[in-house]
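Secondary and tertiary structure notes
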Amino acid sequence: MQILINILQTCSLYLIVAISYAIIYFVAKFFHIAHAAVITIAPYFVFLFSQQCGLSLFVALPLAILFAVLLGLITEQFVYKPLRKYNVQPFTILIASLGLYVVLQNIISMVWGDATLSIRVSEVKIGLNIFGAYITAIQIITIAVSATTFISSIIFFSYTNLGMNMRAVSSNTELANIFGISSNQIIFWAFALGSAFAAIAGILVAFDTDMRPTIGFSLFLYGVVAIIIGGIGSHWGLLFASLLLATAQHLGAYYIDSKWMDAIAYLILIIFLIFKPFGFSGQRLKKIEL
Amino acid sequence: MKKTVYYLVFLMLITFAGCNNNTSTTIKIGASLPLTGDFASYGKRARNGIDLAVSEINISKKYTDKIEIVYQDNKGGPKESVNIMNMFATINKYPIVIGGASSMETLAMLPIANVNDVVLISPISSSPDLSMNDNFFRVCPSDAYQAVMMANWLKELKLSNVALLYVNSNWGVSLKNQYIKNFEANGGKISIIESMNEGERDFKTQISKIIKANPEAIYCVSYGAEGGIILKQLKEFGYKKQIFGADVWSSPELLKSAGDAAEGVYLIKPAEYTGNRFVEFEKKYKAKYKENPDVYAAYSYDVAYIIAEALSNTDGSGKEVKRYLLKMNGFDGATGITKFDALGDCNTKQFVRLQIRNGIYKKL
């Protein structure tokens, strides 16, 4: 039972990160590694506003998400957009993005230090006991937020104007431009939305297990693995991929050894790349390079 | 033409610089420490301690030889450490090298020191793998010693069924092995052994397994950052029995992360010496660096003094220095008496048992 709850929580986290990144990758189609920095910086903003400036959490949380979104947008406006103007290869953008991540991560450790920081406010409490398993309030919130994100993202892409425009840009950028949809504007919105979800994921993790300047990257990597396994553009694929990853990792750690948690995740990735390179959903996306 | 003049001036400058070096009579000592990277906090405090000691040695009348320390940043990595050690030993030909904060760095440097007859002294590295009959000395106690102390403590408390959770690093694995050896020799039974990776943030699976095995207590060999989260998650899982930690759990990071979940946790660590020499050192250190010294700064301070002693009592070659250190009478420094055994270890330092009560470490 305990292991089930552990799996559920990990799966929820992977799912939020996967969705946040899928939105950006779906539309912009390049590797935005600095996304990991957005995940990391959000809880640090919470720390800044709530503990260093003394604001209440209800003000600090939205502010932190807003600032993290701003960071995502700044990277898009001032780094990626100028690069796209020169029609560079996605590979070049990948390298630029990697450099950006290293710079941002080092800025975080310069400002706040490398040591663990905590944004938790209450005392550590014994978790709620459900059938002999323990679950804490923040874990329940994580699972609930993840479910909400999942459902609202499905609705967004199927029923709203912006969502459908994003799909249009994703399937054929030039054609969408001809039909009067500005691809740059749509990518801008994708970055805003993706960064907001990333910030939420980062804050949830930090509330549970505190933060260091490197927490974003491993979470981001698992998100990317989930996207590759699940296939881009399929919500159910992402859900199944996150669930598969979390289950394999936790069961592997439980029955074999926790040393193997990372190895198992990448083993699954390799198996999928060999046998089902387009992911669970099997959808072949057009025009994807890299 | 202009270029040629520049080259000539440049050449002259180099020659003069060389001349200056030759006329100085101070003895140069190499120091390979992590001044940037994950272990930078250790390296920087070690440098502070050494610098403080050297500034005193060079104005004192007791030591005829003046010392100059040449620092190189090994970034906490074995690769850089090897490069630096090669340079120190074969190009600079320094007789003594201070170094290695983490045991990983020191283990990488030691073979080069042995081949070139260089004495390697570390203020921080505690891995038992370094205890060999060779050119290595350290002023901090070996982990083998800590493992013995922990096993004896558990025996005194009549805890014979204890779970073990350790971090998969050079330090964690060697302390784990030593502990298992001693604990089982004392008649203890290890109910379950679980590992974690450095930098991991979620230990729920390991903790689930440990709680299911139902031990009488848990001994956890991990760093402070991981330790804090482990304690928090143990409490969230309703674990109420005793928890024991390694010496590095005496870090502020652990308390910050664990908060009230750290209450009642036991640990052992090398005792902070409180004799006159330490009080004096603490006062000078605070005046110079405007912060409190930790035990590693004090160890490093002693290292510099021990080197000064060795240099003024020998001809300054690596072989002679080694011979002197092995038969040196106890050196009375800021961390108490330092006397090396045949393996270059220092087992004259005391350990202290602590418990966390109301957010502070209380001596037991």
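Conventions we followed
- Residues numbered from 1 in each chain as written.
- Chains lettered and ligands numbered in written order.
- Predicted model: local features only at pLDDT ≥ 70, side-chain atom pairs only at ≥ 80, totals over all residues.
- Heavy atoms only, no water.
- Helix = DSSP H or I, 4+ residues; strand = E, 2+ residues; numbered from the N terminus.
- Rg over C-alpha atoms; globule rule 2.2 N^0.38 Å.
- Contact = heavy atoms within 4.5 Å.
- Pairing = 2+ DSSP bridges.
- Axes fitted to C-alpha atoms, helices over the stretch in contact; angles between N-to-C directions.
- Salt bridge = Lys/Arg side-chain N within 4 Å of Asp/Glu carboxyl O.
- Buried < 20%, exposed > 50% of the residue type's maximum accessible area, 1.4 Å probe, protein only.
- Domains from an automatic or database assignment.
- Buried area = accessible area lost by both parts, 1.4 Å probe.
- Polar contact = N/O pair within 3.5 Å; in protein donor to acceptor, adjacent residues only side chain to side chain.
- Nonpolar A, V, L, I, M, F, W, Y, C, P; charged D, E, K, R; others polar.
- Expected span 1.5 Å × (residues − 1).
- Phe/Tyr/Trp six-rings, centres within 6.5 Å; stacked < 30°, edge-to-face > 60°.
- Lys NZ or Arg CZ within 6 Å of the ring centre and 35° of its normal.

**Points about the overall build of chain A**
Within chain A one finds eleven helices and two strands. Counted from the first residue to the last, chain A has its helices and strands arranged as α-α-α-α-β-β-α-α-α-α-α-α-α. Over its C-alpha atoms chain A spans a radius of gyration of 19 Å, differing by no more than 12% from the 19 Å that the globule rule assigns to 290 residues. By its C-alpha atoms, chain A is 60 × 50 × 35 Å across when sized along the principal axes. Relative to all contacts within chain A whose residues are 6 or more apart in sequence, the contacts with residues 24 or more apart total 76%.

**A look at the sheet that holds strand 6 (residues 161-167) of chain B**
Residues and elements named next belong to chain B. Within the open sheet, the seven strands sit side by side as 7-6-8-9-10-13-14. Their pairing is mixed. In this open sheet, the two strands that pair with only one neighbour each are strand 7 (189-196) and strand 14 (360-363). In this sheet, neighbouring strand axes are inclined to one another by 25° on average, regardless of whether the strands run parallel or antiparallel. Where strand 8 (residues 217-221) lies against strand 9 (residues 242-245), four bridges are found, and the strand directions are parallel. Residue pairing across strands places Tyr-219 opposite Phe-244, the latter belonging to strand 9.

**Brief notes about the sheet that holds strand 5 (residues 136-138) of chain B**
Residues and elements named next belong to chain B. In spatial order, the strands read 2-1-3-4-5; together these five strands make up an open sheet with parallel pairing. Each of the sheet's edge strands pairs with one partner strand only, and the pair in question is strand 2 (67-73) and strand 5. Strand-to-strand twist across the sheet, computed as the mean angle between neighbouring axes with direction ignored, equals 25°. As judged from the three bridges shared by strand 4 (residues 119-122) and strand 5, these two strands associate in the parallel manner. If you follow Ser-122 over to strand 5, its bridge partner there is Arg-138.

**Some details on the pattern of salt bridges**
In the structure shown here, the tally under the stated rule is 16 salt bridges over all chains. Where A:Glu76 meets A:Arg84, a salt bridge forms, and the shortest distance between an N and an O atom there is 2.9 Å. Two residues, B:Asp117 and B:Lys319, come together in a salt bridge whose shortest N-O distance is 3.7 Å. Placement of B:Asp117 in the loop between helix 4 (103-115) and strand 4 and of B:Lys319 in helix 12 (residues 318-327) is noted, with a sequence separation of 202 residues between them. Judged by its relative accessible area of 33%, B:Asp117 is partly exposed. Residues joined by salt bridges that share partners form a network here, namely A:Asp208, B:Asp202, B:Lys204, B:Lys232 and B:Glu236.

**With respect to the domain arrangement of chain B**
The parts lose accessible area when they come together, and the size of an interface is often stated as this lost area. Residue and element names in this part refer to chain B. Each domain of chain B was delimited in the assignment, giving domain 1 (5-140 + 274-338) and domain 2 (144-271 + 351-363). The straight-line distance from the C-alpha centre of domain 1 to that of domain 2 is 33 Å. Every contact between the two is made by eight residues of domain 1 and, on the other side, seven residues of domain 2. A buried area of about 660 Å², summed over both sides, lies between domain 1 and domain 2, and 54% of it is on carbon and sulfur atoms. Summed over the shared surface of domain 1 and domain 2, the result is zero salt bridges. In this structure, the connection of domain 1 to domain 2 is made through zero residue pairs in polar contact (both at pLDDT 80 or more). A class-by-class count of the residues in the side of domain 1 that touches domain 2 yields five nonpolar, two polar and one charged.

**Some details on the side chain of A:Ser97**
All names here are of chain A. Here Ser-97 shows up in helix 4 (residues 90-112). Here Ser-97 falls in the buried class, since its relative accessible area comes to 0%. Within the local environment of Ser-97, its side chain forms a polar contact with the side chain of Tyr-80, the two groups lying 3.3 Å apart. In this view, Ser-97 contacts Phe-31, His-32, Ile-33, Ala-34 and Tyr-80; residues no more than four positions away in its chain are not counted.

**Quick word on helix 2 (residues 35-52) of chain A**
The end-to-end C-alpha separation of helix 2 of chain A is 25 Å, in line with the 26 Å expected for 18 residues at 1.5 Å each. Positive backbone phi, at 75°, marks A:Gly54, one or two positions downstream of helix 2 of chain A.

**Topic: the pairing of strand 14 of chain B**
Residue and element names in this part refer to chain B. Two elements, strand 13 (residues 351-357) and strand 14, share four bridges in a ladder whose sense is antiparallel. Pairing of Ile-356 across the sheet is with Tyr-361, part of strand 14. If you look at the hairpin formed by strand 13 and strand 14, you'll find two residues sitting between the two strands, and Asn-358 has a positive phi there, around 50°.

**Here we look at the interface of chain A and chain B**
Facing 34 residues of chain A, the contacting portion of chain B comprises 30 residues. For chain A, the biggest contributors to the area lost against chain B are A:Val124, A:Thr209 and A:Tyr254; these three give 24% of the whole. At the junction of chain A and chain B, the tally comes to two salt bridges. Between A:Asp208 and B:Lys232 there is a salt bridge whose closest N-O contact spans 3.5 Å. The tally of links from chain A across to chain B stands at 14 residue pairs in polar contact (both at pLDDT 80 or more). Residue assignment for the side of chain A that touches chain B shows that the elements contributing at least two residues are helix 1 (2-28), helix 8 (183-209) and helix 10 (235-255) of chain A. The element that contributes the greatest number of residues to the side of chain A that touches chain B is helix 1 of chain A, accounting for five residues.

**Overview of the packing of aromatic side chains**
The tally for this structure, following the rule as stated, stands at 37 aromatic pairs over all chains. Pairing A:Phe217 with A:Phe220 gives two aromatic rings, centres 6.1 Å apart and planes at 40°, and the pair type is tilted. Pair noted here: A:Phe217 and A:Phe220 are both in helix 9 (residues 215-230), with a separation of three residues, about one helical turn. With a relative accessible area of 27%, A:Phe217 lands in the partly exposed category. With centroids separated by 5.2 Å and ring planes inclined at 75°, the aromatic side chains of A:Tyr254 and A:Tyr255 adopt a geometry described as edge-to-face. An aromatic cluster is present here, built from B:Tyr63, B:Phe278, B:Phe281, B:Tyr285, B:Tyr289, B:Tyr301 and B:Tyr305 joined pairwise through their rings. Lying over the aromatic face of B:Tyr71, B:Arg47 brings its terminal NZ or CZ to 6.0 Å of the ring centre. Between the NZ or CZ atom of B:Arg277 and the centre of the ring of B:Tyr305, over which it lies, the distance is 5.5 Å.

**Digging into the environment of A:Asp114**
Structurally, the position occupied by A:Asp114 is in the loop between helix 4 and strand 1 (128-130). On the accessibility criterion, A:Asp114 (47% relative accessible area) is partly exposed. In sequence terms A:Asp114 and A:Met211 are 97 residues apart; their C-alpha atoms lie 9.5 Å from each other. The residues touching A:Asp114, leaving out its near neighbours within four places in the chain, are A:Ser109, A:Arg212, A:Pro213 and B:Glu253.

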